[in-house]
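Per-entry structural report
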Amino acid sequence: MTKFIFVTGGVLSSVGKGIVMASIGKMLQVRGFRVTAIKIDPYLNVDCGTMNPYQHGEIFVTEDGGEIDLDMGHYERFLDINLTKDQNITTGQIYWTVIDKERRGEYLGKCVQIVPHITDEIKRRIYAVAERNSLDVVLTEIGGTVGDIEGLPYLEAVRQIRVEKGYEKTLYVHVALVPILHVTGEEKTKPLQHSVNELRRIGIQPDIIVARCQRMIGSEAKAKIALFGTIPESAVFCSYDVETIYQVPLILDYQGMGEYICQRLGLERRKPDWSLWNGIVRSFLDASKKVRIAMCGKYTNLADSYISINEALKHAAAACGAKVQIDWIDSEGFERDPSNLKKLESYDGIIVPPGFGARGTEGKILAANYARERGLPFLGICFGFQMAVVAFARYICNLKDANSTENDPDTPHPILDLMPEQRGLEYKGGSMRLGAHEIIIKPKTLAYNLYGTEKILERHRHRWEVNPKYWQILEAHGMVLSGFSSDGRRVEIIEIPNHPFYLGVQFHPEFKSRPGKPEPAYKGFVEAAIRCNMGARKKNEKEIIK
Ligand code: GLN
């Protein structure tokens, strides 16, 4: 009984197909339908875990240890569901499976081809997700832009799904950019028309077109899109710029999109219940306080590189009635000239984010130390947690040149070392310590205060760990090791008492944060940042001087 919605994109990549698809999911969910999402990435990597965030944007991690596309993060956040790694399909996976079958002799006597063997494998994977979850609707986003060579087998596969499942059970949504011509202020629909033509050339006639435009498109542009797209005007919608992405489902449903989809797919007509979502969106829009956070890491131009951290901060801030300003401060600047650390003084809180490799790490260590010394709220995530431990080892335990062996294999004090099971691995792909692992929290600690429980399940992605040989030295000098893996073998959380907020976590709490349900570590950090903003710190200092 499951219905299928396919979302394609035109004109440019990064037009927000993922947000539109997540919004469609939300429109169905508030009408009581069970939905899930699939993301197709037509690249040859088996997963995005081997790409760097500057290339690809953030690597999102699922509970079951998938290293997957960042759009999956949007689906989890909008729909408040956990996805699994098989819901991110890549060309690498498809070919791997088909070639493996060929070697096993499963196609004996046949010539193995893109159609039908590759397309069959694509369909098999989409159907498998649908069957497993007994869902009303499965949404599938095809990454990239219509016309990309890599995307062709996927478009062919979803074209075939229409033939197999029928018109009433399948719906094609095409999302394309409508630029506004700077000189005349006109909305130009020609690029969109071309991308629709490209889609039709492949055999897909879109049922719905979503124009991605800076502002709500006018009736003239809408009429043109409908005419050239061969769809009624009531099937043309516009995703325009809004203050928070969580408004997108509301603006699309207001235009009648939810209603249209239900009617077109023969889903029961139900009144949507937006009350919860409206409240969440209001908390973002109405926030009146401001909190300024410095992210100290390797500089990246791509806003998408740490999207879950940005979102987690926004969720936490909204829950505290605040808007968050996140500024990237290049940690290499602290290495060149440590007086640059002064820049951090004007911030309410400091984050050292996840990372890999030695470049910029000395600056991250300096930033972690600065936050400790100056009483600035600090949150270290994964690599940031590791660098906070290194800073403490160097500056408090007096372990000169202490480091992670990732940065300096010859350090005299390997405070962070490769986990034993990480040694001698042949494959780099999918071989980190990944996904959800249980953590036991010590009572009467900051971590316990935040989570309010002794057991949590958090998502991981790392190869290094705090070296057990140094646990005692760290504790003897006042660092609290407040969370451990459930087998007691690895440190998961550290904190420094008598500090407004100093927390490091080996895991990635940002992957579990949802709008309206901020993640406790982020919430605690943002609360502390608001409490200890610069004004409050200055006042404190004066009182201490008096
Ligand atoms: N590079 C570190 C490790 O592998 C941290 C990884 C991360 O920040 N995700 O342990």
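Residues numbered from 1 in each chain as written. Predicted model: local features only at pLDDT ≥ 70, side-chain atom pairs only at ≥ 80, totals over all residues. Heavy atoms only, no water.

**Points about the packing of aromatic side chains**
The following threshold applies: Here a pair means two rings of Phe, Tyr or Trp (six-membered ring of Trp) with centres within 6.5 Å. Their orientation is stacked below 30 degrees between planes, edge-to-face above 60, and tilted elsewhere. Segments assigned H or I by DSSP are reported as helices when at least four residues long, segments assigned E as strands when at least two residues long, and all are numbered from the N terminus. Exposure is judged per residue with a 1.4 Å probe applied to protein chains only, and the accessible area is read against the type maximum: over 50% gives exposed, under 20% gives buried, and values in between give partly exposed. The rule is short: NZ of Lys or CZ of Arg within 6 Å of the ring centre and within 35 degrees of the ring normal puts a charge over the ring.
Scanning the model with the defined rule gives 13 aromatic pairs in all. Consider the rings of F6 and Y172, whose centres lie 5.9 Å apart with planes at 35°: the pair is tilted. Placement of F6 in strand β1 (residues 3-10) and of Y172 in strand β7 (residues 170-177) is noted, with a sequence separation of 166 residues between them. Note on accessibility: F6 and Y172 belong to one class, buried. Ring geometry for Y246 versus F284: centroids 5.2 Å apart, planes at 35°, classification tilted. Of the two residues, Y246 sits in the loop between β11 (236-240) and α9 (248-254) while F284 sits in helix α11 (residues 275-286), which places them 38 residues apart along the sequence. Accessibility assignment for this pair places Y246 and F284 in one class, buried. Taken together, the aromatic side chains of F4, F6, Y127 and Y172 make up a single cluster linked through ring pairs. The ring of Y167 carries R264 above its face, with NZ or CZ at 3.6 Å from the centroid. The ring of F33 carries the charged tip of R270 above its face, separated from the ring centre by 4.1 Å.

**Looking at the pattern of salt bridges**
To keep things clear, this is the line we draw: We count a salt bridge whenever a side-chain nitrogen from Lys or Arg sits within 4 Å of a carboxyl oxygen from Asp or Glu.
Per the counting criterion, the structure on display carries 46 salt bridges. Among the salt bridges present, the one from R215 reaches E187, with a minimum N-O distance of 3.0 Å. Within this pair, whereas R215 is found in the loop between β10 (208-213) and α8 (219-229), its partner E187 is found in strand β9 (residues 186-187), the two being separated by 28 residues in sequence. For R215, a relative accessible area of 38% translates into the label partly exposed. Note that R490 and E465 form a salt bridge whose closest N and O atoms lie 2.8 Å from each other. Of this pair, R490 sits in the loop between β21 (480-485) and β22 (491-495) while E465 sits in strand β20 (residues 464-466); the two residues are 25 residues apart in sequence, bridging distant segments of the chain. With respect to class, R490 is no different from E465; both count as buried.

**Examining the site of the ligand**
Rules: We call a residue near a molecule or strand whenever a single non-hydrogen atom of that residue lies within 4 Å of it. Throughout this description, a polar contact denotes any pair of N or O atoms lying within 3.5 Å of each other; where both atoms belong to protein, one of them has to be capable of donating a hydrogen while the other can accept it, and for residues adjacent in sequence the pair is counted only when both atoms sit in side chains. A 1.4 Å probe and the Shrake-Rupley method give the accessible areas. Residues count as covered only by the protein chains that appear here. Any residue outside Ala, Val, Leu, Ile, Met, Phe, Trp, Tyr, Cys, Pro, Asp, Glu, Lys and Arg is labelled polar, Gly included; the first ten of those are nonpolar and the last four are charged.
Around the ligand sit P354, G355, F356, C382, F383, Q386, E406, R461, H462, R463, W464 and H508, and that is every residue in its neighbourhood. A distance of 3.0 Å separates an oxygen atom of the ligand from a polar backbone atom of F383. In this structure, Q386 approaches the ligand through a side-chain N or O atom, which is 3.1 Å from an oxygen atom. Relative to its free-state accessible area of 300 Å², the ligand is covered by the protein chains to the extent of 99%. Where the shell around the ligand is concerned, the elements lending two or more residues are α15 (383-395) and β19 (455-462). Here the shell around the ligand is built from residues that sort into five nonpolar, four polar and three charged.

**What to know about the nonpolar core**
To keep it simple, the criterion reads: Note on terminology: a nonpolar core comprises buried Ala, Val, Leu, Ile, Met, Phe, Trp, Tyr and Cys residues joined through side-chain atoms within 4.5 Å. Here, two residues are considered to be in contact whenever any of their heavy atoms come within 4.5 Å of each other.
In terms of nonpolar packing, the biggest core is built from 63 residues, with I5, I24, L28, V173, I208 and M257 touching the most fellow members. Examining the composition of this core, we find that seven residues originate from one element, helix α1 (residues 17-29), more than from any other. For V173, the contacting residues outside a window of four places in its chain are I5, F6, V7, T8, I24, I208, V210 and M257. Membership of the second largest hydrophobic core comes to 43 residues, among which are Y370, Y470, M479 and F484.

**Considering the sheet that holds β10**
Stated precisely, the cut-off is as follows: Paired strands are those between which DSSP finds at least two bridges. Angles run from 0 to 180 degrees between N-to-C directions of axes, and those axes are lines fitted to C-alpha atoms, restricted for helices to the stretch in contact.
If you trace the seven strands from one edge of the open sheet to the other, you get β5-β2-β6-β1-β7-β10-β11, paired in parallel fashion. Two strands in the sheet have a free side with no partner beyond their single neighbour: β5 (88-90) and β11. Taking each pair of neighbouring strands and ignoring which way they run, the sheet shows an average axis angle of 20°. Relative to strand β6 (residues 137-142), β1 runs parallel, the two being bridged by five bridges. Residue pairing in the sheet places K3 in a bridge with V137 of β6. Against the sheet, helix α3 (residues 71-79) touches β2 (35-41), β5 and β6, its axis set at about 170° to β2.

**Remarks on the packing of helix α14 (residues 361-374) against α15**
As a reminder, the rule being used: Orientation labels follow simple angle bins: below 35 degrees gives roughly parallel, above 145 gives roughly antiparallel, 65 to 115 gives roughly perpendicular, and whatever is left gives oblique.
Here α14 crosses α15 at 70°, and the two axes come no closer than 8 Å. Taken together, the axes of α14 and α15 are roughly perpendicular relative to one another. On α15, the residues touching T361, E362, K364, I365, L366, A368, N369 and R372 of α14 are F383, M387, A388, V390, A391, F392, R394 and Y395. Broken down by class, the residue content of the contact of α14 with α15 amounts to 10 nonpolar, two polar and four charged.

**Considerations on the environment of I293**
By the element assignment, I293 lies in strand β12 (residues 289-297). A relative accessible area of 0% places I293 in the buried class. Remark: the alpha-carbon pair of I293 and I326, spanning 33 residues in sequence, is separated by 4.9 Å. Not counting residues within four places of it along the chain, the set of residues in contact with I293 comprises L313, V324, Q325, I326, D327, Y347, G349, I351, F525 and A529.

**Some points on the pairing of β6**
Burial analysis of β6 places six of its six residues in the buried class, which makes it a mostly covered element. A two-sided burial pattern is seen for β6, the buried positions comprising V137, L139 and E141 on one face and V138, T140 and I142 on the other. Sheet topology places β2 next to β6; six bridges connect them, and they run parallel. If you follow A37 over to β6, its bridge partner there is L139.

**Let's talk about the pairing of strand β15 (residues 378-381)**
Under the convention used in this document: Here, the term right-handed applies to a crossover whose path from the first strand over the helix to the second runs clockwise when the strands point away from the viewer.
Here β15 shows two buried faces, one formed by F378 and G380 and the other by L379 and I381. Looking at chain direction, strand β14 (residues 349-352) and β15 are connected through three bridges and run parallel. Looking at the pairing, I351 lines up with L379 of β15. Chirality of the crossover, the property in question, places the unit of β14, α14 and β15 among those that are right-handed.

**With respect to the environment of K469**
Of note, K469 is situated in the loop between β20 and α17 (471-476). Through-space distance from the C-alpha of K469 to that of R490 is 11 Å; in sequence the pair is 21 residues apart.

**Topic: helix α10 (residues 257-264)**
In terms of burial, α10 is a largely internal element, six of the eight residues being buried. Taken as a whole, α10 has its buried residues at M257, G258, Y260, I261, C262 and R264. Looking one or two residues past α10, G266 carries a phi angle of roughly 65°, positive in sign.

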